[in-house]
Amino acid sequence: MLVKELKDVISKYRKEEKDKIIIELYKRIPKSKKEDYDIDNYILNIKQK
């Protein structure tokens, strides 16, 4: 799926559904990748990005 397609699909979801997707995706990311990409920091400081 391309990013544009993803945006179109998730635009139709409610906040609760988006939260569920984010949590499930986060759980599926291996710890090493979370560290490599500094995912936790990105989530904590999203407004600064």
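Calculation notes
Residues numbered from 1 in each chain as written. Predicted model: local features only at pLDDT ≥ 70, side-chain atom pairs only at ≥ 80, totals over all residues. Heavy atoms only, no water. 1 Å grid on protein atoms, 1.4 Å probe; cavity = no way out; pocket = protein on both sides within 12 Å on 5 of 7 lines; lining within 4 Å. Points joined across faces, edges and corners; volume = space filled by probe spheres on them. Helix = DSSP H or I, 4+ residues; strand = E, 2+ residues; numbered from the N terminus. Nonpolar A, V, L, I, M, F, W, Y, C, P; charged D, E, K, R; others polar. Patch = residues over 30% accessible without salt bridge, like charges linked within 9 Å, V, L, I, M, F, W, Y side chains within 5 Å. Areas by Shrake-Rupley, 256 points an atom, 1.4 Å probe, with all protein chains shown as cover. Salt bridge = Lys/Arg side-chain N within 4 Å of Asp/Glu carboxyl O. Lys, Arg positive; Asp, Glu negative; His and termini not counted. Charge placed at Lys NZ, Arg CZ, Asp CG, Glu CD. Buried < 20%, exposed > 50% of the residue type's maximum accessible area, 1.4 Å probe, protein only.

S.K.: Just to check I follow, could you spell out the layout of surface pockets for this structure?
M.R.: Sizing a probe to match a water molecule and rolling it over the atoms shows the empty space that remains. Roughly 560 Å³ of volume is contained in the largest pocket. Lining the largest pocket are 14 residues, and of these Ile21, Ile22, Leu25, Tyr42 and Ile43 sit closest to its centre. Within the residue set of the lining of the largest pocket, elements represented by two or more residues are α1 (3-10), α2 (15-28) and α4 (39-44). The greatest single-element share of the lining of the largest pocket, amounting to five residues, is contributed by α2. When grouped by side-chain class, the residues that make up the lining of the largest pocket number 12 nonpolar, no polar and two charged.

S.K.: Could you clarify how one ought to interpret a negative patch on the surface in this entry?
M.R.: Where like charges cluster on the molecular surface, the negative patch consists of Glu35, Asp36, Asp38 and Asp40. Take Glu35: it is sitting in helix α3 (residues 31-36). Take Glu35: its relative accessible area is 54%, and that puts it in the exposed class.

S.K.: Explanation requested: the pattern of salt bridges in the structure shown.
M.R.: Oppositely charged side chains can form a pair if their charged atoms are brought close together. One pass over the structure, following the stated rule, counts six salt bridges. The shortest N-O distance in the salt bridge between Asp8 and Lys4 comes to 3.3 Å. With Asp8 and Lys4 both in helix α1, this residue pair falls four residues apart, about one helical turn. Its relative accessible area of 36% is what places Asp8 among the partly exposed residues. Looking at Lys4, the relative accessible area reads 58%, which means it is exposed. With a closest N to O distance of 3.1 Å, Arg28 and Glu24 form a salt bridge. You can see Arg28 and its partner Glu24 sitting in helix α2, four residues apart, about one turn around the helix. Residue class for Glu24 comes out partly exposed when judged on its relative accessible area of 32%. One salt-bridge network, held together by shared partners, links Arg14, Glu16 and Glu17.

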